[in-house]
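Observations on the model geometry
Take a look at the letters that make up each chain.
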Amino acid sequence: MKQKSIYSYWMLLPCLAIFGIFFLLPAVMGVGFSFLNIRNVDFQAATFAGIGNYKNVLTDSGMNIAIKNSFIFAFVTTILKVTLGLLLAVLLNNKLKTTNFMRTVFFLPAVLSSVAVGLIFTAMMHPANGIINVALRAMGLPMLAQNWLTDPKLAIFSVAFVEVWKWTGFTMVILLAGLQSIPEHYYEAARIDGATGWQKFRYVTFPLIMPAFTNALVVNLIGGLKAFDVVQTVTGGGPGTATEVFGTLVYKSFGSGRYGEGCAASIILCVVILLVVLPVYRFLTGKEVEM
C-alpha cells in the first residue's frame, strides 16, 4: 500500500513541473519585474522602481476608462452568456432527434480562433458594406443600420456581442452537464405533487444546478474582466478609447517597451479580479444545496 501511494505521487511530478515552469515561475518573475524599470528588454540596465510602476499605471489617463469598460464588458457578457447558455441547456437537455447536432452547432464557436472570429465580425459590422447593415437595408429597415464599431456609444456593446456569440455554447455545455446530473426521481416527485414546468425549474432544476451555475458565472466573469483577444482584434481599443479595457492597456504597456509597467498592470488586474470574483463565488456557493 505504501509503495502504491508513493508511486501515485511520483506520477504527479511531470504535471507539477509543467505547472511550475509555465505558470508559477512566470508569475513570480512578473511580480519581481513590476518593481523594476525595464525598457526594451534591456534587463542589464534595469533599475529598482519601487511602487513607481504601480503609481504610473493607476494615474494613467486611460485607467479610469479601461476599468469602466472592463466592468461594462464583463457585466454584459456574463449576464448574456449565462442566461442564453441556460436557455440552450434546458432546451437541448430534452431528447430530440437533432439534440446532438444542435449541441455541436452551438458549441462550435468556442473552438474557433478568436482572431478569426474577430476579423469575420469586423467585416460583418462594416458600416457601409457589412452584411448586417446590408441585410437591414434590404429588409427595409435602414433606421436599424448602425456604425457598430465606429460609434463610441455602441462599440463596446458590439464587441460584447462577438464575445457572447463565441462563448455562449461553452457556457451551455457547463450547465448541460449540471442538468444531466440531476436524478430523475426528483422530477417524478414534482409531477406527483402537480408541479408546473416553471415550478419544476424554480424549485428542482435551478437549485440542483447551482454548482454548475456558479462555475459558469465565475468563469465568464473572470473571462470578461480579463478580455483582450476579441477586443484587440475587432477594435484595438478604439474608436479612440471607447473599447479600451484592462487587457488592451496591459498590451500597450508591453508594446511600447514599458515592461515594468506592463507587469504592474497585470498584477493590478489580477487583484481586481480576485476582489470581484471571490465575494461572488462565496455568495453563490452559500446558495448551493446537496442532492
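Residues numbered from 1 in each chain as written. Predicted model: local features only at pLDDT ≥ 70, side-chain atom pairs only at ≥ 80, totals over all residues. Heavy atoms only, no water.

**What about the overall build of the protein chain?**
Counting its regular elements, the protein chain contains 14 helices and two strands. Projecting the C-alpha coordinates of the protein chain onto the three principal axes gives extents of approximately 75 × 75 × 30 Å. Counting across all 291 residues of the protein chain, residues that qualify as buried make up 35%. Nonlocal contacts in the protein chain, meaning residues at least 24 apart in sequence, comprise 68% of its contacts between residues at least 6 apart. (Helix = DSSP H or I, 4+ residues; strand = E, 2+ residues; numbered from the N terminus. Buried < 20%, exposed > 50% of the residue type's maximum accessible area, 1.4 Å probe, protein only. Contact = heavy atoms within 4.5 Å.)

**Examining unusual backbone geometry**
Of the consecutive residues glycine 238 and proline 239, the connecting peptide bond is found in the cis state with omega at -5°. Turning to its location among the elements, proline 239 is positioned in the loop between helix H12 (229-234) and helix H13 (246-255).

**With respect to helix H8 (residues 155-180)**
An α-helix turns once every 3.6 residues. As a result, residues three or four positions apart point the same way. If you check H8, its first and last C-alpha atoms are 38 Å apart, about what 26 residues at 1.5 Å a residue would give, namely 38 Å. Taken as a whole, H8 carries its principal kink of about 40° at tryptophan 167. (Expected span 1.5 Å × (residues − 1). Bend = angle between axes of the 7 residues up to and from the residue.)

**Details of the packing of aromatic side chains**
All chains considered together, the criterion is met by ten aromatic pairs. Where phenylalanine 121 meets phenylalanine 161, the ring centres are 5.9 Å apart and the plane angle is 75°; that geometry is what we call edge-to-face. With phenylalanine 121 in helix H6 (residues 114-124) and phenylalanine 161 in helix H8, the pair connects residues that are 40 residues apart, well separated along the chain. Ring geometry for tryptophan 167 against phenylalanine 170: centres 5.8 Å apart, planes inclined by 85°, an arrangement best described as edge-to-face. Placement of both tryptophan 167 and phenylalanine 170 in helix H8 is noted, with a separation of three residues, approximately one turn of the helix. Given a relative accessible area of 25%, tryptophan 167 falls into the partly exposed group. Note on phenylalanine 170: relative accessible area 32%, which makes it partly exposed. Through successive ring pairs, a cluster of aromatic residues spans Trp198, Phe201, Phe206 and Phe213. (Phe/Tyr/Trp six-rings, centres within 6.5 Å; stacked < 30°, edge-to-face > 60°.)

Read these as layout, nothing more, since geometry by itself doesn't imply function.
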